[in-house]
Amino acid sequence: MPPKQATLGYVRPAQTRLGKFFGKRDPPVQQKLALSPRKRHAQLNASGEIGEGKDGVIDDEGKQRSDVASDTSPSKKRPHSPAPAPKRTADKGSGSIKAEESGEDGLHDESDEGPIAKRPKRTPTASSDIDDAASEGSEDVKPAMRRPNGTTPLSKNKPAKVKAKALERKPKLKVKEESEEESDAVPNKEGKGSSPATNDSPAESESEMIDEEPDSEDEGIKPEAAEKARETVQTLLESKSKDPYPDWKPGEPVPYAALCTTFALIESTTKRLIILSHCSLFLRQVLRLTPEDLLPTVLLMINKLAADYAGVELGIGESLIMKAIGESTGRSLAVIKADQNEIGDLGLVAAKSRSNQPTMFKPKALTVRGVRDGLMAIATTQGNGAQTRKIAGIKKLLSAADAHSAGKGKGVDITKDKGGASESKFIVRTLEGKMRLGLADRTVLVALAQAMVVHEISKEGKVPTTEQLERGETILKTVYSELPSYEVIVPAMLEHGIFNLEEHCKLQPGVPLKPMLAKPTKAITEVLDRFENKNFTCEYKYDGERSQIHFVSPDSQHQYLSSVPSVKSEKGISAIFSRNSEDLSKKYPDILAKLDHWVKDGTKSFVLDCETVGWDLVEKKVLPFQQLMTRKRKDVKVEDVKVKVCVFAFDLLFLNGEPTVKKSLRERREMMKQTFEEVEGEFGFAKCMNTSDLDEIQTFLDESVKASCEGLMVKMLDGEESGYEPSKRSRNWLKVKKDYLSGLGDSLDLVVLGAYYGKGKRTSLYGAFLLSAYNPTTETYETICNLGTGFTDPVLQHLHALLSPSAIPSPPSYYSHSPVPAHQPDVWFPPKHVWEVKAADLTLSPRYRAAEGYLDGVEGKGVSLRFPRFLREREDKKPEDATRVRDVAEMYRRQEGVSKGKDGGGGGGGGVDDDFEY
Amino acid sequence: MEARLEQALLLKRVVEAIKDLVQDCNFDCNDTGIALQAMDNSHVALVSMLLKAEAFSPYRCDRNIPIGINLTSLTKVLRCAQNDDILTLKAEDSPDTINLTFESSESDRLSEYDIKLMDIDQDHLGIPETEYAATITMPSAEFQRICRDLIALSESVSIEATKEGVKFSCAGDIGNGSVTLRSHTNVEKPELNVEIDLAEPVALTFSLKYLVNFCKASALSGSVKLCLSNEVPLLVEYGLSGSSWLRFYLAPKIGDEE
């Protein structure tokens, strides 16, 4: 945790926690309930705790407590070790010590809610919560900051609410289990524990007043949503109209635990509306208490450190994370790897791993800001020993995670609620870049808009109307699509308000926007149906890399705040971004170097949407995609460029200081033609034709395919609908691909040779398979592709059951496959099963061996399938009846792009056509 | 604050011993001496050091000054000192830098360095005085040897103190091993004594990686004191000249690997 964040205030709680220092072993208490083997620990722990409690907040029985209280408070603790011994035996186990202790605390009225309330939701952590809460309850220093407990009036509601939620969300059985557990732990409280639901009504209604309005609006937001869905939301909102995490002190950093609580809630559902309401509720709370933490909160929600184009990457892989988990929890790497294979989610592994190695004093609780700073520090660590320092950074975060629950021998119970609100789980997932929450970026955006509107309107003491909410959403969506950078938008929004956002945040060169996408179609007639009676135009769909060129001339008056450092220079801005907003300037320096060839003088600034295509200088024609992909990704030097590229522009989004996205396509095209001039082999306009005649379109399509294009783009030409809609897959743009029309005519029948263990959803099944074609001449099976799509879950289960018994440790000698270790499947099978597979395309790859001997002039590469898709099992076929490699070679040769290319289309190993939609 | 140390070696070794555990930390100076307390990143181990005023000659410090320093930087500067140079530390009342002067004891060479300080907001943690169930004093070299030998086999060591003696044992993939020490008095060389002071038998498991790290302090003192009690951190103490000390605490491991 960065030094900055701590304040003196922390010190006291930290010291109090000293109790936990030795009390860190209180967790076993919980184990005690569950796991008899740990009994001894548990007891000992309880005894350990006694000595250290500082402010008389000891986790122990009342009498012990009071006598310690009287003599320990301000100074250092006194030696205490012998005292506990008798008690240890007296109480049957620390479980009961706990119970009594919290019962004791219950006497301080409010503090009792903390533990109980938390129980259902964060069961795994509960036992340590209890004593935390207890200590804060009486100490009252910074309660909200550290732990959810009952010091603020709002939290009064928690019991009611959480209870309600527990009932809603959990299977009945679990609830029952839990309440049993609860009663175990808090016997004399049990009655109270459940009663607050009804009894606390004064406090509850108080908070409802705060939150109710917004929530009632939430439903209004989706007028179009089905009635049923709305009802669900409504009941949901009613039952939990308060924040799931109690308020922290206004102005203080948002506790990370609060965010995790929300994450856990989100994870527990798959319903979008409910996810949305959780998000929005939490953002509202952040806005109300600590608006300056809104940006880090939002960024952590979408799991990005910075906007994509800033190129900030954590640069850590699974193995690094595993190492860090191992080091901070004292488990060996092998055990963690085994866990990972079994569980398939490092986040859960981390949660589970807490912790055989208890820590000394409790670290400070994590804050949202602190987590983000920590991640940023990890991301920006470079140079000597970067790996070690990155691991140190991760360890720092991990050891501070779950401060409330750390040290229990067993860690978080990951079988319950997917690990619940465990901080380490979410930190690791953040590090992995996979949150697995089902929280779409879009949802965060909407939630943010709602939260902002509600926040602003309710500041004036009014209730926001449905229209206002809708308007806020639209505004934010529009602004974000044109300027996808929360770093710019969030501060502007906080300063000027959401309703004035459009004036302050506009499309600007230097900040890449998400490109507009086209809807796929199956036939030209479909196109005609869509554009009937409209003006539309057809363009070649070049098979290259979608790019956005941003340019601001050095003499431009206007200053644009680009957060991309590499792009900014004294020469203004000139940069190329990918469709995913990554900075491609280092990949295509040759394009940038030639900008002045085709940009007419006097152009101040522009943003151009285009396709970058490989260009054959000799034949003067477009090269296949596979060859473009052979270019280096980074640090390309202009003079080393082997594959020349040509830019085909088809849209203009910004020109001379003004966004043009709202203009019609006809106007934009006109402006584009005035601003740029074609230079052969460097820059061209996408070839287009305005027609509505079916035959002409068909001819045009055929021509486009002959010109090595993918097919056609058909676009609305005039009117409002022809505007540029960033980031949308719009029906105003349609694509007609040759793949869709003809595809790769036949499917292939391939033999399964091996499989890879699945991850995530496919944990404990096979995630992908290694397939092969048959070579009858040599009687070998030659690998052709990995296959991971086209399976339904039941099919995967079936295949796993079918294949796993026959797994063999190593490949038979008659398999021809890549010897590279990274290319080996996790398990091998004897050749037995034949599957029918369909693919989009054939390509060459050094990773596979199919048809190796049948291709002229190609060494060390086999034919592979692009986008293979599982169709069905062919039980009727024997492995020897599988598709022969000769046929594969033939199919490859037949392929348009290849048969026309002189050299057979190079080798685009692993070239990824990210334009393809399944 | 001004403190003069007859031998730079002392500070060099202290910093050398802890710099792998802790990157940045505060040296808290007050009229009784210089204290340091810091935990490693994972909060598993804690270093605590006290250099009492008597260790210096002279020592002057009028108010409490925290000196936040990056230990890597400090190491770099301390490398510039000869072992028997006279080292003087100087800092203002609310310092931005700390000044180190090395005077050669033989020649008239005088070198002077300033290190920029950092603002480290560190909790000061009260470490409870504990009556340990077992206190073992042994030659520091012996302890170091045990740790180094056993880490070859396993990641963790279990230390078991009984009235028979103290047994360090470990089990790893390749096999297991143990070292047992009994009370032993060497009249001629008292620094080789092994003393075991036992109130009740204890057995705890610790991460060897940390212990090996602690052993870097072996050069500071001929003997080391291990204090154990069930369910509390292990205390490893190296006595320094006067009644100053360097202590390491290490949280025990719970349970076995499942």
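Quantities reported herein were computed from a predicted structural model and do not represent experimental measurements. (Residues numbered from 1 in each chain as written. Chains lettered and ligands numbered in written order. Predicted model: local features only at pLDDT ≥ 70, side-chain atom pairs only at ≥ 80, totals over all residues. Heavy atoms only, no water.)

Engineer: Quick question: what am I supposed to make of empty space enclosed by the protein here?
Structural biologist: Residue and element names in this part refer to chain B. A complete count under the given rule lists 14 cavities of 30 Å³ or more for this structure. Estimated volume of the largest cavity: approximately 120 Å³. Along the walls of the largest cavity sit 14 residues, with L11, F27, L74, L89 and I98 positioned nearest its centre. Listing elements by their share of the lining of the largest cavity, those giving two or more residues are α1 (8-18), β2 (24-30), β6 (65-70) and β8 (97-103). Partitioned by chemical class, the residues of the lining of the largest cavity number 14 nonpolar, no polar and no charged. (1 Å grid on protein atoms, 1.4 Å probe; cavity = no way out; pocket = protein on both sides within 12 Å on 5 of 7 lines; lining within 4 Å. Points joined across faces, edges and corners; volume = space filled by probe spheres on them. Helix = DSSP H or I, 4+ residues; strand = E, 2+ residues; numbered from the N terminus. Nonpolar A, V, L, I, M, F, W, Y, C, P; charged D, E, K, R; others polar.)

Engineer: Explain the side chain of N193(B) here, please?
Structural biologist: All names here are of chain B. Relative to the assigned elements, N193 resides in the loop between β13 (175-181) and β14 (195-198). Here N193 falls in the buried class, since its relative accessible area comes to 14%. A polar side-chain atom of N193 sits 2.7 Å from the main-chain amide nitrogen of N186. Non-local contacts of N193, meaning those with residues more than four positions away in its chain, are made with T137, M138, P139, H184, T185 and N186. (Buried < 20%, exposed > 50% of the residue type's maximum accessible area, 1.4 Å probe, protein only. Polar contact = N/O pair within 3.5 Å; in protein donor to acceptor, adjacent residues only side chain to side chain. Contact = heavy atoms within 4.5 Å.)

Engineer: Explanation requested: the packing of aromatic side chains in the structure shown.
Structural biologist: We describe a pair of aromatic rings using the distance from one ring centre to the other and the angle between the two ring planes. Residue and element names in this part refer to chain A. For the coordinates displayed, the defined rule picks out 34 aromatic pairs over all chains. Ring geometry for F531 against F536: centres 5.2 Å apart, planes inclined by 20 degrees, an arrangement best described as stacked. F536 gets classed as buried once you look at its relative accessible area, which sits at 5%. Note on F650 and W733: the rings are 6.3 Å apart at their centroids and 75 degrees apart in plane angle, and the pair reads as edge-to-face. Pair noted here: F650 is in strand β8 (residues 645-655) and W733 is in strand β13 (residues 729-737), with a separation of 83 residues, a long-range link. Overall, W733 belongs to the buried group, its relative accessible area being 2%. An aromatic cluster of at least three residues, connected via ring pairs, comprises Y757, Y766, F769, F791, F829, W835 and F870. Taking NZ or CZ as reference, K673 lies 5.9 Å from the ring centre of F685, over its face. Against the face of W733 rests K715, its NZ or CZ located 3.9 Å from the ring centre. (Phe/Tyr/Trp six-rings, centres within 6.5 Å; stacked < 30°, edge-to-face > 60°. Lys NZ or Arg CZ within 6 Å of the ring centre and 35° of its normal.)

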